[in-house]
Each structure stands twice: as C-alpha cells, then as structure tokens.
Amino acid sequence: MNYEETLNLLSEYKQSHLLQYWDNLSDKEKEILTSQINDVDWSFLNSMDKSAPKKASLIQPLDALSIDNIKEQVISYKSTGIKAIQEGKLCLLLLAGGQGTRLGHDKPKGCFNMGVTKEMSIFSLLMSNTLKIVKEAGTWIHLYIMTSDINYDDTTEFFQANNYFDYNPEYIHFFVQELNPSTDMNGKILMNSPYSLALSPNGNGGWFSSMNKAGLLQKIFDSSIEWINVFAVDNVLQGIADPIFLGATIESGKMCGAKVVRKAFPEEKVGAICKENGKPHIIEYYELSEEMTYQKNDDGSLAYGFGVILNYLFPISRLKETLDNKMPLHVVKKIVPYINENKELIYPTEPNGLKFETLALDLIHEMDDCLVFEVDREKEFAPVKNKSGVDSIDTARELLKKNGYEL
Ligand code: UTP
C-alpha cells in the first residue's frame, strides 16, 4: 500500500493519526508501519459497538462433581485416565501468550522466579508437574505452547537454556497467536513508536484457530489424540494432564471438563460455572445479580459457588467442528504502553486503554455439556496475577510452601 491508499483506509476507520509522523520516517520505518496497518483485521472495531441488543438468556446453576464424589471413584477414574494417556489420546496446551501486565515483569510470565533462595521459574514448576504424569504413564505427551510475537523468542530461548526442563523437546511445539491493535478509551489505536502500533495478543480463546494457522492441527487430526488439556501459565500449582480429571470426564460421557474451586466467599471475584440457555457457561462475578451471588442449593451450598481456574479438557472432534466459527472479541480495559505527543514511551500504572481479546469461556459455550470437576484450591490453585496483594507472588509462594516446596 502506498501513502494515499493507507491514508484512505485509515480515514475510513477514523485512524489517520497513525500517519502523523510519516514525513520523518525512514523508508524502512514506513514499510514497517504500512505493513502493520495492512495486517489489521478491522472487524475488531465492531466489538466496541454496544448498541447491539443482548440476547435474553436463562442462567441456571450447574452441578459439580465434588471432591468427595471424586474420592469414591478415584481408582476407576485414574485407571481410565492413565490408559487414555498411554493410548496417546491426550495432548496439552499451555497458554503463555499473555503479557502479564499486572505482574509488571519484562519477560514472559513463565520465566518469573518463584524461588527465594534458589531459581524456580513458573515454567520449571509446570514442567515438573507434567513430568510426574509422563513418568507415571510411561509415555511422552505432546505439549503445545502458545506464545505471541512479543514473547516467542524469550520463551523458546528460556526452554532451550533450561534443557527443556528434562522434557523430550520432540514433544514440545511452540506456536504464535495473533495480535490486535490496542486503543485508547475512545477507540483510537495507540502507537508505541512513531512507526509502530501498540499491538497485543488477541486473548486466550483463539488458540485453536492460531494452532490451525501455525499448521499444527492436521497432525493432531491424523493422530490418536482425542482430548486437549488447556491450562494457564500463571497457576503455579496447576494440575496438568491429571489422569483423574481425564478419566472422570471420559467416564461422565460429557463433552468437555472444567476444573473448578469452591468459592472462598460468595463475592469472590472469579468467573462461576453455570448454564446459559442449557449450555455450559461462565458468568463473571460482576454479571451475577445480588440474589444469584447469595443463592443457595438445597444442601446450603452456593448455587453459583464454583469458580473456574482455566484448566479445561476439550474434545478435538468438537473443536474441529467449530473451527470456522469466529470467536467474539471482548473489550478489556488494560495497561497499554504508548508514545505521548513528545514521542516518549509511557508505561501507565493504571489501565489506560482497550485490548480486544477472545476468551476461553466462549469456547465452553460451544460444548453441549461439561463435567464440572472440583479440586482442592489449597493444592491446585495458586494464581500469580499481581505484584502484591490478592493472587500475587506472595500468596502463591505461601501456597507453594504449604505444598512442601522449599523456595
Ligand atoms: P490473563 O487474562 O491473566 O492475561 O491470562 P495476561 O495477559 O497474562 O495478564 P494481564 O491481564 O496483562 O496482567 C490468563 C492466561 O491466558 C494466557 C495467559 O498467558 C495466561 O496463561 N493468555 C492471555 C494468552 O495466552 N494469550 C492472551 O492473549 C491472553
């Protein structure tokens, strides 16, 4: 695209400010800027349109398999799960494309050191949890790792420098998710240099289509793999490739599985699993009415009392069927570094912009039903989201210690 064409395109979307530094750019910089503008999927701007009426929906509680129920069947679940792993039916997906802005660490979140007296990165903790199952099952499990253009090099170099944490590198497959522009609060795309847009990863829900674009899916479709265990990088107690979870999901005959924890208190800020119009759904804490927040089941437990921890089992066959469905983009207020009018790069401390993200919860909605699988939060849920306070490095370190880790 030449200057005129680029300007026409940008004018159409009211973004011509992106060319404000054009006259002072080198040829190379002009090329970078036009190519970034050319790559933008402008449909992201539609997600800012709040005028579309929201469909009426019926929200209902969804029962969970409790820790006590699981204990009763644990032998059977475990042997079903281990057998499925040995038959090559499971693969893993680590979602590590996020920017971790709340943590404010300048490297990928997985490289963050949880150790105090020794090196213990988040990646090393996750990989050692996975290796335990590999050893128990006596077979390697394919592990896909989603990164973004922003953290791909740092992530792959970290794995290489750490000898893949003793995992078989032939079973580790990195891929890159797409980026979307971030805007200010009024929908104007922010820039992080005079010749580049502030781009950020497009959320944690679009991984299946990103895997497809990376050419990874055909091999999975042609293999024995039936299930994919999807999990977040930022839970340092993450139970990965859990044979009991896999076995319980298979035995339940349900289409997918979601690990959940019992809410610590009714107002806890976690997404709660429920049904929407009969389909599995995750309702955000701010979407729950006061009545629903405190609503009880007959046994006195909270009706919307199970929070998701971003650890799911999805069936490959269903994902294949839904591959062409475009995931909705959610507008999320986040911190976006940008250049000010003096071309200085500013790192805000509070959310200053909008990111456009697909969310894993929309994938759940594509499933007919879901096994809700309760885990002990003290043993399996230690999120590292913030520098301090709730869900922070300190709270996660405490939980690691409680679980016998020497930091
Ligand atoms: P979060 O929603 O906590 O986002 O990600 P984040 O970008 O890591 O952190 P903040 O909000 O900027 O502080 C939950 C999980 O989803 C992954 C993250 O890596 C994490 O495992 N994720 C998030 C992606 O893989 N891609 C994304 O675009 C966003």
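Everything numeric in this text was worked out from a predicted model, so none of it was measured.

Chemist: Tell me what's going on with the overall build of the chain, and back it up with residues and numbers.
Modeler: For the chain, the helix and strand inventory stands at 14 helices and 19 strands. In terms of principal-axis extent, the alpha carbons of the chain reach across some 70 × 50 × 45 Å. Looking at the 407 residues of the chain, the share that counts as buried comes to 51%. By element, 48% of the accessible surface of the chain is carried by carbon and sulfur atoms, the whole surface being about 19,700 Å². Of note, the chain has its 41 positive side-chain charges centred 3 Å away from the centre of its 57 negative side-chain charges.

Chemist: For the side chain of Asn129, give the residues involved together with the corresponding values.
Modeler: Tracing the backbone through its elements, the reader meets Asn129 in helix 5 (residues 122–137). Within the structure, the side chain of Asn129 is placed 2.9 Å from the backbone oxygen of Gln238, a separation counted as a polar contact.

Chemist: An account of unusual backbone geometry is requested, with residue identities and associated values reported.
Modeler: Apart from glycine, the bulk of residues carry a negative phi angle, and the bulk of peptide bonds sit in the trans form. Phi is positive for Lys14, close to 55°, though the residue is something other than glycine. You can see Lys14 is positioned in the loop between helix 1 (3–12) and helix 2 (27–39). According to the relative accessible area criterion, Lys14 is exposed, its value standing at 60%. Although it is not a glycine, Asp166 sits at a positive phi angle of roughly 70°. With a relative accessible area of 56%, Asp166 lands in the exposed category.

Chemist: Outline the state of the cysteines, listing residues and values.
Modeler: Here is the idea: a disulfide is a covalent bond, and it sits between the sulfur atoms of two cysteines. Taken as a whole and assessed by the stated rule, the structure comprises 0 disulfides. Its sulfur unpaired, Cys256 is 3.6 Å from the next cysteine sulfur, which belongs to Cys370. Using a relative accessible area of 0% as the deciding quantity, one classes Cys256 as buried.

Chemist: Lay out the environment of Asn340 with the relevant residues and their values.
Modeler: With respect to the secondary-structure elements, Asn340 resides in the loop between strand 16 (338–339) and strand 17 (345–346). Its relative accessible area of 12% is what places Asn340 among the buried residues. Spatially, the C-alpha atoms of Asn340 and Ser193 are 9.4 Å apart, while their sequence positions differ by 147 residues. Apart from the residues within four sequence positions on either side, Asn340 is in contact with Tyr21 and Ile346. Within the structure, Asn340 has its side chain in polar contact with the backbone nitrogen of Asn342 (distance 2.9 Å).

Chemist: Tell me about the sheet that holds strand 18 (residues 353–357), residues and numbers included.
Modeler: Pairing within the open sheet is antiparallel, and its 3 strands lie in the order 6-18-15. Edge strands, defined here as strands with exactly one partner in the open sheet, are strand 6 (183–184) and strand 15 (330–334). The pairing of strand 15 with strand 18 spans 5 bridges and is antiparallel. Its bridge partner lying in strand 18, His330 is registered against Glu357.

Chemist: Could you give an account of the packing of helix 4 (residues 74–86) against helix 5, naming the residues involved and the relevant values?
Modeler: Packing of helix 4 against helix 5 brings their axes to within 10 Å, and their N-to-C directions diverge by 90°. Looking at the two axes, helix 4 sits roughly perpendicular to helix 5. Between helix 4 and helix 5, the residues in contact are Lys78, Ile82, Ile85 and Gln86 and Ile133, Glu136 and Ala137, respectively. Considered class by class, the residues forming the contact of helix 4 with helix 5 number 4 nonpolar, 1 polar and 2 charged.

Chemist: Quick one: what's the story with the pairing of strand 11 (residues 256–262), residue by residue and with numbers?
Modeler: Strand residues, when the strand is regular, have side chains that alternate between the two faces of the sheet. Burial within strand 11 is extensive, with 6 of its 7 residues counted as buried. The pairing of strand 11 with strand 19 (residues 370–374) spans 5 bridges and is classified as parallel. By the bridge assignment for strand 19, Ala258 is matched with Val372. Bridge analysis of strand 11 against strand 14 (residues 306–315) gives 5 bridges, and the strand direction is antiparallel. Directly across from Val260, in strand 14, lies its bridge partner Val308.

Chemist: Explain the pattern of salt bridges residue by residue, including any values.
Modeler: Side chains that differ in sign of charge can pair as their charged atoms come close. Throughout the structure, instances matching the rule amount to 19 salt bridges. A salt bridge links Asp368 to Arg318, with the shortest nitrogen-to-oxygen separation between them at 3.5 Å. Of this pair, Asp368 sits in the loop between helix 12 (360–364) and strand 19 while Arg318 is found in helix 11 (residues 316–321), placing the two residues 50 residues apart along the sequence. By relative accessible area, which is 17% here, Arg318 ends up buried. The residue Asp376 makes a salt bridge to Lys379 at a minimum N-O spacing of 3.7 Å. Take Asp376: its relative accessible area is 30%, and that puts it in the partly exposed class. Classification of Lys379 as exposed rests on a relative accessible area of 52%.

Chemist: So what about the site of the ligand? Which residues, and what values?
Modeler: By nearness alone, 20 residues border the ligand, and Leu95, Thr101, Gln177, Gly203 and Lys385 come closest of all. Gly203 places a main-chain nitrogen or oxygen 2.7 Å from an oxygen atom of the ligand. Within the complex, 93% of the 560 Å² of free accessible area of the ligand lies under protein. Grouping the constituent residues of the shell around the ligand by class yields 7 nonpolar, 9 polar and 4 charged.

Calculation criteria
One numbering rule holds for all chains: residues counted from 1, following each sequence as written. The predicted nature of this model means local features are confined to residues of pLDDT at least 70 and side-chain atom pairs, given and counted, to a pLDDT of 80 or more, with totals for whole chains, interfaces and linings taken over all residues. With hydrogens and water excluded, all non-hydrogen atoms of the structure serve as input to the side-chain values. For helices the rule is a DSSP run of H or I covering at least 4 residues; for strands it is a run of E covering at least 2, with both sets numbered from the N terminus onward. Accessibility here uses a 1.4 Å probe with only protein chains present; expressed as a share of the type maximum, an area under 20% marks a residue as buried, one over 50% as exposed, and anything in between as partly exposed. Only the protein chains shown count as cover for residues, and the accessible areas themselves come from Shrake-Rupley with a 1.4 Å probe. A residue counts as positive if it is Lys or Arg and as negative if it is Asp or Glu; His and the chain ends are not included. Every charge is mapped to an atom, namely NZ of Lys, CZ of Arg, CG of Asp or CD of Glu. For this analysis, a polar contact is any N or O atom pair within 3.5 Å, provided that within protein one partner can donate a hydrogen and the other can accept it, and provided that sequence-adjacent residues contribute only side-chain to side-chain pairs. Note on terminology: disulfide denotes any pair of cysteine sulfur atoms within 2.5 Å. Contact criterion: two residues are considered in contact whenever any of their non-hydrogen atoms come within 4.5 Å of each other. By the convention used here, strands pair only if DSSP detects at least 2 bridges between them. For helices, the axis comes from a line fit to the C-alpha atoms of the stretch in contact; other axes are also lines fit to C-alpha atoms, and the angle between any two N-to-C directions lies between 0 and 180 degrees. When an angle is under 35 degrees it counts as roughly parallel; over 145 it counts as roughly antiparallel; between 65 and 115 it counts as roughly perpendicular; any other value is oblique. As a working rule, the residues Ala, Val, Leu, Ile, Met, Phe, Trp, Tyr, Cys and Pro are called nonpolar, Asp, Glu, Lys and Arg charged, and the rest polar, with Gly in that last group. We define a salt bridge as a side-chain nitrogen of Lys or Arg found within 4 Å of a carboxyl oxygen belonging to Asp or Glu. Near is defined per residue: the residue qualifies when any heavy atom it owns lies within 4 Å of the molecule or strand.

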